[in-house]
Amino acid sequence: MMNRKMAFLFLIALVVFGCSQETNLQKIMETDHKVLSFLTEMNPALQQKFDKITAEIVRADEKIQQLHELNKFFPKQSDIINKALQQWQGLRKDLYATLKNIYSKVEGAYVAYRIDEIQGRKQFGDLSQNLLAEANAVLANAEITKNTIEEELSQE
């Protein structure tokens, strides 16, 4: 699970920074580490939500892969499979957008913190509470969507 999480965070870094060289890759990994360490130190509850969103994305990826495999073996059932696939892909897209948004805002707060620790702490404290509320809302919606998908699949 931890390896998948690190791989996913690496992918976020690639998207956010657009890496093309190995030295840039090392800088990106160092930057991610600093930002995520800052998040853990400043708002452990938000870090836990960040981790939970990451885990839900990994879970959605696994479900999407399973549905693709299922579709290979049962192409005549593609209507049902594609419906479930679209639902999981939509959920994954929403979760990923939220994760990227949180990361971007935490990164901005980290920069502000580094510029002026006192101002950054106050600014991040306010921002982190808003992000935590946003993460809670997304996770609640993801849980509802996930349960709906699973209920629909069990009824078919």
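Please refer to the structure higher up on the page.
This structure is a prediction, so every number in the text was calculated from the model and none was measured.

Take the overall build of the protein chain next. Counting its secondary structure elements, the protein chain contains five helices and zero strands. Along the chain direction, N to C, the helices and strands of the protein chain fall in the order α-α-α-α-α. Sorting the 156 residues of the protein chain into buried and exposed places 33% on the buried side. Across the protein chain, the fraction of contacts at a sequence separation of at least 24, relative to all contacts at a separation of at least 6, is 74%.

What follows is about the nonpolar core. By size, the foremost hydrophobic cluster in this structure holds 32 residues, and its most contacted members are Leu46, Phe50, Ile53, Trp88, Leu95, Ile102 and Val106. For this core, the secondary-structure elements that each account for two or more residues are α2 (22-42), α3 (44-73), α4 (78-115) and α5 (117-155). Here the element with the most residues in this core is α4; it accounts for 14 residues. Apart from residues lying up to four places away in sequence, Ile102 is in contact with Leu46, Phe50, Ile53, Leu131 and Ala135.

A full pass over the atoms with the stated rule returns one aromatic pair. Look at Phe38 and Tyr110: their rings are 5.2 Å apart centre to centre, the planes differ by 70 degrees, and that puts the pair in the edge-to-face class. A residue pair is termed long-range when its members are at least 10 positions apart, and Phe38 in helix α2 and Tyr110 in helix α4 qualify at 72 residues. The buried category is assigned to Tyr110, whose relative accessible area is 17%.

Taken as a whole and assessed by the stated rule, the structure comprises two salt bridges. Among the ionic pairs, Asp61 bridges to Arg92, the shortest N-O distance being 2.3 Å. In this pair, Asp61 is assigned in helix α3 and Arg92 in helix α4, connecting sequence segments 31 residues apart.

Reading the values: the criteria
- Residues numbered from 1 in each chain as written.
- Predicted model: local features only at pLDDT ≥ 70, side-chain atom pairs only at ≥ 80, totals over all residues.
- Heavy atoms only, no water.
- Helix = DSSP H or I, 4+ residues; strand = E, 2+ residues; numbered from the N terminus.
- Buried < 20%, exposed > 50% of the residue type's maximum accessible area, 1.4 Å probe, protein only.
- Contact = heavy atoms within 4.5 Å.
- Core = buried A, V, L, I, M, F, W, Y, C linked by side-chain atoms within 4.5 Å.
- Phe/Tyr/Trp six-rings, centres within 6.5 Å; stacked < 30°, edge-to-face > 60°.
- Salt bridge = Lys/Arg side-chain N within 4 Å of Asp/Glu carboxyl O.

Treat this as a map of the structure, not an account of what it does.
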